[in-house]
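# What the coordinates show
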Amino acid sequence: MAHIAIISGSPSKHSRLAGVLQLVKASLESDGWNVHWVNVRELPPEDLLHARFDSPAIEEARRGIEQAEGVIVATPVYKASYTGLLKAFLDLLPQKGLAHKRILPIAIGGTIAHLLAIDYALKPVLAALGATTIDSGVYLVDSHVQAGEDGTVQLDGESRDRLEDALRLFQNNIAPTR
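Below you will find a few notes about this structure. (Residues numbered from 1 in each chain as written. Predicted model: local features only at pLDDT ≥ 70, side-chain atom pairs only at ≥ 80, totals over all residues. Heavy atoms only, no water.)

### Considering helix α6 (residues 157-174)
Helix length check: α6 (18 residues) gives 26 Å between terminal C-alpha atoms against 26 Å at 1.5 Å per residue, within 8%. Along α6, the residues that are buried comprise Ser159, Leu163, Ala166, Leu167, Phe170, Gln171 and Ile174. Projected down its long axis, α6 shows its buried positions confined to an angular sector of 125°, all on one face. The inward-facing, buried residues of α6 abut β1 (3-8), α1 (16-30), β3 (70-76), β4 (102-109), β6 (138-141) and β8 (153-155). (Helix = DSSP H or I, 4+ residues; strand = E, 2+ residues; numbered from the N terminus. Expected span 1.5 Å × (residues − 1). Buried < 20%, exposed > 50% of the residue type's maximum accessible area, 1.4 Å probe, protein only. Arc of directions from axis to C-beta. Contact = heavy atoms within 4.5 Å.)

If you want it as structure tokens, here you go:
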């Protein structure tokens with residue numbers, strides 16, 4: 001079975017991004033993908049802060065990424081950039097840890113003004129990790145994602161369509177390796 005890894009850089013367990021990624025995961029699994037989910041917030045904080053490359057938890061997360069043909073990198077946008085939590089994890093990947101993988105960035109923020117955070121903040125660090133095939137990505141505005149009390153989310157029609165289109169393109173472009 002082919003693999004896709006999801007890296008969530010959200011520091012919050014219950015967030016709109018977590019709900020969106022649950023939708024993404026369900027969609028990928030229904031299409032036959034094996035999904036390895038790295039919730040960076042669940043990794044030992046001391047391993048992230050002290051850059052413990054040999055941490056068993058960090059090594060397990062890296063193995064899931066190594067086995068993946070495609071990687072979804074998701075983050076909320078704070079201060080016009082991805083989270084420090086995500087950066088701490090990305091710093092623990094090997095220099096070419098994303099080489100030969102298709103990458104789909106997903107970001108969510110409070111305003112459309114942070115739309116370019118994917119292009120100007122996230123994509124350069126992904127490229128520095130060897131990613132050469134980075135999709136355009138999907139930026140979602142918080143107000144277009146309605147969170148239910150049970151943790152599920154509903155996306156407005158345009159946001160849902162953009163996310164579905166990006167997922168379809170992402171999968172189709174890595175499908176030949178399946």
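Read on for the rest.
### Notes on the pairing of β3
Of all seven residues in β3, seven are buried; the element is thus mostly enclosed. Residues Gly70, Ile72, Ala74 and Pro76 point to one face of β3 and Val71, Val73 and Thr75 to the other, with burial holding for every one of them. Where β3 lies against β4, seven bridges are found, and the strand directions are parallel. Paired with glycine 70 across the bridge in β4 is arginine 102. Traced from β3 through helix α4 (residues 84-90) to β4, the parallel crossover comes out right-handed. (Pairing = 2+ DSSP bridges. Right-handed = clockwise from strand over helix to strand, strands pointing away.)

Don't take any of this as a statement about function, it's just geometry.
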